[in-house]
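Structure at a glance
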Amino acid sequence: MLSVRLRSLAKINLDLRVLHKRSDGFHELRTIFQTVSLADTLHIDFVRSRTSRIAIRSNPEIPDNLILSAADAVLSALGVRARVAFDLVKRIPMGGGLGGGSSNAAAVLLALPALAGIPLPLAQLLEIACSLGSDVPFFLLGGAAVGLGRGTELYPLPDRPSLPGILVCPDLHLSTPDAYRRLARKLTDGPYSPTMNRFQSAAWQIGERGEGGGHSVNDFETIVFRDHPHLESIKETLQSLGACPALMSGSGSTIFGVFDSRLRRDRALARLRREALHNDPGRTKIYPVVLVNRRQYRSLWRRQLPLEVQGKGWPPHARFAK
Ligand code: C5P
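Residues numbered from 1 in each chain as written. Predicted model: local features only at pLDDT ≥ 70, side-chain atom pairs only at ≥ 80, totals over all residues. Heavy atoms only, no water.

What follows covers the site of the ligand. The ligand sits among G25, F26, H27, L29, G133, S134, R150, T176, P177 and Y180. R150 is positioned with one of its backbone polar atoms (N or O) 3.1 Å from a nitrogen atom of the ligand. Only β2 (27-48) and α5 (176-183) provide two or more residues apiece to the shell around the ligand. Of all the elements, α5 adds the most residues to the shell around the ligand, at three residues. In terms of residue class, the shell around the ligand is made up of four nonpolar, five polar and one charged. (Near = heavy atom within 4 Å. Polar contact = N/O pair within 3.5 Å; in protein donor to acceptor, adjacent residues only side chain to side chain. Helix = DSSP H or I, 4+ residues; strand = E, 2+ residues; numbered from the N terminus. Nonpolar A, V, L, I, M, F, W, Y, C, P; charged D, E, K, R; others polar.)

This is the structure in structure tokens:
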């Protein structure tokens, strides 16, 4: 039996624009994904066997856990039968716009080929990831990336030094399909040039400085803040404490802030914790994080797959892989 223990990282969206509704029911996006250091822990026991059995020993209450579909899909692609058992320790809040479930699924897609000793090409892993969810492909790559289309067409942004940040996660689970519905985007392809130009401007800033500063936008904020004005207050507090940008992640409810120094971040953290203790004991979770660039993401993966690799190839392959 082979065992691994993996950290499955969260993401934030440094920018998120929702264009039109597409004929396949999804929306056309322009977004910038960024991995951050908040992580779930996923333990995997793997043994080849005559019949496949895939089970999650902990957290069985998560409905439609993507881990199971990911394991099933990757074992069929590998042509391997195995008993696979998962233990999942959740830290990334669910329904918080941080991509926790998608990250867990991508972790399975990266780990099982290494455990089976059979490499799968990135293009094949990306195809499986797309079939699991719009945010899953990004977690095969990590760092900062521009996401187009459904969010599954990804292009890397240059690695920047890791900036410190804060995630403020209210005890509020928001439904992504619901958020898209409420945006009420039309099926037609509109005249987007102002939006696209503003998005490009933010993408260039993020590529050059690691954050989009005042140019970052999340189109979901308007509708989510209308129903939950305290989320807008969190954003304003983060801004007043020096976060640039302070923005909602995905379709909410997490609000994050990026800071230009640890000192400024730590001061803001202390202030937010004092306020949360006073106004909202125990209900809002506040996490200090760092933005994790692609080099760090990949070296984390190489460290946590002990079976792996010669060379710097990506995705990581087991040493004994053919
Ligand atoms: O792909 P995923 O399962 O994460 O998407 C969840 C839901 O979010 C979809 O069923 C769809 O309603 C909405 N969605 C969308 N456009 C996207 C991504 C997600 O409309 N680009």
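Right, let's get into the pairing of strand β9 (residues 255-258). Side chains I255 and G257 of β9 all project onto a buried face; the interleaved residues F256 and V258 project onto the opposite face, where all are buried too. Where strand β7 (residues 164-169) meets β9, four bridges bridge the pair, whose relative direction is antiparallel. Within β9, the residue paired with L167 across the bridge is F256. As judged from the three bridges shared by strand β8 (residues 246-248) and β9, these two strands associate in the antiparallel manner. In the sheet register, L247 faces β9, and the bridge partner there is F256. The antiparallel pairing of β8 with β9 creates a hairpin that spans six residues between the two strands, and G250 there sits at a positive phi of about 50 degrees. (Buried < 20%, exposed > 50% of the residue type's maximum accessible area, 1.4 Å probe, protein only. Pairing = 2+ DSSP bridges.)

Let's shift gears to the environment of E275. Following the sequence through the fold, E275 ends up in helix α9 (residues 262-279). The class for E275 is partly exposed, based on a relative accessible area of 29%. Setting aside residues up to four positions removed in sequence, E275 forms contacts with T237 and D280. (Contact = heavy atoms within 4.5 Å.)

Next up on the list: helix α8 (residues 229-240). Since the α-helix advances by 3.6 residues per turn, residues separated by three or four positions end up pointing in the same direction. Given a rise of 1.5 Å per residue, twelve residues ought to cover 16 Å, and the 17 Å separating the end C-alpha atoms of α8 matches this to within 8%. Among all positions in α8, only L231, I234, K235, T237 and L238 are buried. Taken down its axis, α8 places every buried residue within 160 degrees of arc, on the same side. Residues P229 and S240 are exposed on α8 and point more than 90 degrees away from its buried face. (Expected span 1.5 Å × (residues − 1). Arc of directions from axis to C-beta.)

Evaluation of the coordinates by the stated rule reveals 16 salt bridges. Among the salt bridges present, the one from D45 reaches R57, with a minimum N-O distance of 2.8 Å. Here R57 lies in the loop between β3 (53-56) and α1 (66-78) and D45 lies in strand β2, a separation of twelve residues in the sequence. (Salt bridge = Lys/Arg side-chain N within 4 Å of Asp/Glu carboxyl O.)

Next up on the list: the packing of helix α2 (residues 100-116) against helix α3 (residues 122-132). For the pair α2 and α3, interaxial distance at closest approach is 11 Å and the crossing angle is 155 degrees. Relative to α3, the element α2 lies roughly antiparallel. Relative to α3, the crossing made by α2 is right-handed. For the pair formed by α2 and α3, the contact residues are A105, L109 and L110 on the first element and L125, I128, A129 and L132 on the second. For the contact of α2 with α3, a count of residues per class yields seven nonpolar, no polar and no charged. (Axes fitted to C-alpha atoms, helices over the stretch in contact; angles between N-to-C directions. Parallel < 35°, antiparallel > 145°, perpendicular 65-115°, else oblique. Left-handed = near helix turned anticlockwise from the far one by under 90°.)

With that settled, consider the packing of aromatic side chains. Applying the stated criterion across every chain, the model contains three aromatic pairs. Ring centres of Y180 and F220 lie 4.9 Å apart, and the angle between their planes is 90 degrees; on these two criteria the pair is classed as edge-to-face. Of this pair, Y180 sits in helix α5 while F220 sits in the loop between α6 (193-209) and α7 (221-227); the two residues are 40 residues apart in sequence, bridging distant segments of the chain. Among the aromatic residues, those joined into a ring-pair cluster are F33, F138 and F139. The positively charged end of R150 is found above the aromatic ring belonging to F26, 4.3 Å away from the centroid. (Phe/Tyr/Trp six-rings, centres within 6.5 Å; stacked < 30°, edge-to-face > 60°. Lys NZ or Arg CZ within 6 Å of the ring centre and 35° of its normal.)

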